[in-house]
Amino acid sequence: MPIPVKNDWKPILEKVEKTETYQQLREFLVEEYNTETIYPKKEAIWQAFEWTPYHEVKAVILGQDPYHGAHQAHGLAFSVQPQVKLPPSLRNIYKELQSDLGIEPVTHGYLESWAKQGVLLLNTVLTVRAKEAHSHKNKGWELLTDEVIKSLNEREEPIVFILWGSPAQKKRTLIDESKHHVLTAVHPSPLAAYRGFFGSKPFSKTNELLIESGQAPIDWKLPENPTME
């Protein structure tokens with residue numbers, strides 16, 4: 001399972017690919033995909049990197065691990081394919097978006113538009129076994145996502161890192177906050193959202209920080225009828 005990304009993430013990911021930890025992860029994933037139901041599909045694991053090239057990243061939304069229900073995960077954190085019912089975490093994200101910026105929720109959960117504007121929708125772990133949250137935790141993905149955050153930290157232009165939940169917040173130590181910006185909140189899942197996700201205003205704060213650094217804000221309003229790629 002070589003990493004297929006062809007854009008400017010390629011040298012960063014290739015560096016990780018050569019590590020012993022990643023080789024062990026790859027062996028584990030080959031076995032898992034052969035014997036279990038794993039999400040997302042193999043060809044979708046790297047979607048976030050393919051849609052948001054390294055030099056286009058303006059903000060990072062960092063979650064936990066992919067959705068573990070059928071047909072949900074497709075390689076972008078918190079996003080689902082257009083025809084799939086909205087998961088509870090995404091419903092809560094839309095509630096906060098409406099509260100924060102007055103943007104009415106759309107009926108789908110396809111976040112391609114955010115990714116194409118420079119929002120890297122990343123999880124700390126990029127695969128999961130069906131119906132088993134955290135089942136691929138501590139198998140090697142964390143090393144790769146650490147390297148991704150470190151590489152973004154090296155960028156000169158300020159990036160807004162939005163860390164949702166404790167696995168994401170562990171990455172905070174990798175970020176130079178004299179150069180970049182960090183926004184944190186509990187995970188938007190129904191189990192946690194009322195403990196500080198609601199009212200955290202990540203969308204307006206991100207845009208304020210981008211504008212302060214001379215960058216164009218994100219248009220958080222999603223198209224009502226997205227076209228799948």
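Given the structure is predicted, the values throughout are model-derived calculations rather than measurements. (Residues numbered from 1 in each chain as written. Predicted model: local features only at pLDDT ≥ 70, side-chain atom pairs only at ≥ 80, totals over all residues. Heavy atoms only, no water.)

### Comments concerning the overall build of the chain
Reasoning step 1: For the chain, the count of helices and strands is eight helices and six strands.
Reasoning step 2: When the helices and strands of the chain are placed in sequence order, the string is α-α-β-α-β-α-α-β-β-α-β-α-β-α.
Reasoning step 3: Taken against the 2.2 N^0.38 rule, which gives 17 Å for 229 residues, the C-alpha radius of gyration of the chain at 17 Å falls within 12% of a compact globule.
Reasoning step 4: Each principal axis of the C-alpha distribution contributes one length, and for the chain these read about 45 × 40 × 35 Å.
Reasoning step 5: Expressed as a percentage of its 229 residues, the buried residues of the chain come to 55%.
Reasoning step 6: Sequence-distant contacts, at least 24 apart, represent 69% of the contacts inside the chain between residues at least 6 apart.
Reasoning step 7: Each charge class in the chain was averaged separately, 26 positive and 30 negative side chains, and the resulting centres sit 4 Å apart. (Helix = DSSP H or I, 4+ residues; strand = E, 2+ residues; numbered from the N terminus. Rg over C-alpha atoms; globule rule 2.2 N^0.38 Å. Buried < 20%, exposed > 50% of the residue type's maximum accessible area, 1.4 Å probe, protein only. Contact = heavy atoms within 4.5 Å. Lys, Arg positive; Asp, Glu negative; His and termini not counted. Charge placed at Lys NZ, Arg CZ, Asp CG, Glu CD.)

### Side note on the packing of helix α2 (residues 20-35) against helix α6 (residues 141-153)
Reasoning step 1: At their nearest, the axes of α2 and α6 sit 9 Å apart, and the two run at 130 degrees to each other. Of the possible angle classes, the one that applies to α2 and α6 is oblique. Considering the relative orientation of α2 and α6, their crossing is left-handed. Across from Thr21, Tyr22, Leu25 and Leu29 in α2, the residues of α6 making contact are Trp141, Leu143 and Leu144.
Reasoning step 2: A per-class count over the contact of α2 with α6 returns six nonpolar, one polar and no charged. (Axes fitted to C-alpha atoms, helices over the stretch in contact; angles between N-to-C directions. Parallel < 35°, antiparallel > 145°, perpendicular 65-115°, else oblique. Left-handed = near helix turned anticlockwise from the far one by under 90°. Nonpolar A, V, L, I, M, F, W, Y, C, P; charged D, E, K, R; others polar.)

### So, the environment of Glu32
Reasoning step 1: Structurally, the position occupied by Glu32 is in helix α2.
Reasoning step 2: There is a polar contact of 2.8 Å between the side chain of Glu32 and the side chain of Arg129. (Polar contact = N/O pair within 3.5 Å; in protein donor to acceptor, adjacent residues only side chain to side chain.)

### What to know about the sheet that holds strand β6 (residues 181-185)
Pairing between the strands of a sheet is mediated by backbone hydrogen bonds and can be parallel or antiparallel.
Reasoning step 1: One open sheet holds the four strands; their spatial order is β3-β2-β5-β6, and the pairing between them is parallel. The open sheet has two edge strands, β3 (119-123) and β6, and neither has a second partner. Along the sheet, successive strands turn relative to each other by an average axial angle of 15 degrees, direction set aside.
Reasoning step 2: By the bridge criterion, four bridges tie strand β2 (residues 59-63) to strand β5 (residues 160-164) in an arrangement that is parallel. (Pairing = 2+ DSSP bridges.)

### A word on the packing of helix α1 (residues 10-17) against α6
Reasoning step 1: Put simply, α1 and α6 touch, their axes get as near as 10 Å, and they point 145 degrees apart. Along this stretch, α1 crosses α6, giving a crossing that reads as right-handed. Judged by residue contacts, Ile12, Leu13, Lys15 and Val16 of α1 engage Leu143, Leu144, Glu147, Val148 and Ser151 from α6.
Reasoning step 2: Tallied by class, residues from the contact of α1 with α6 come to six nonpolar, one polar and two charged.

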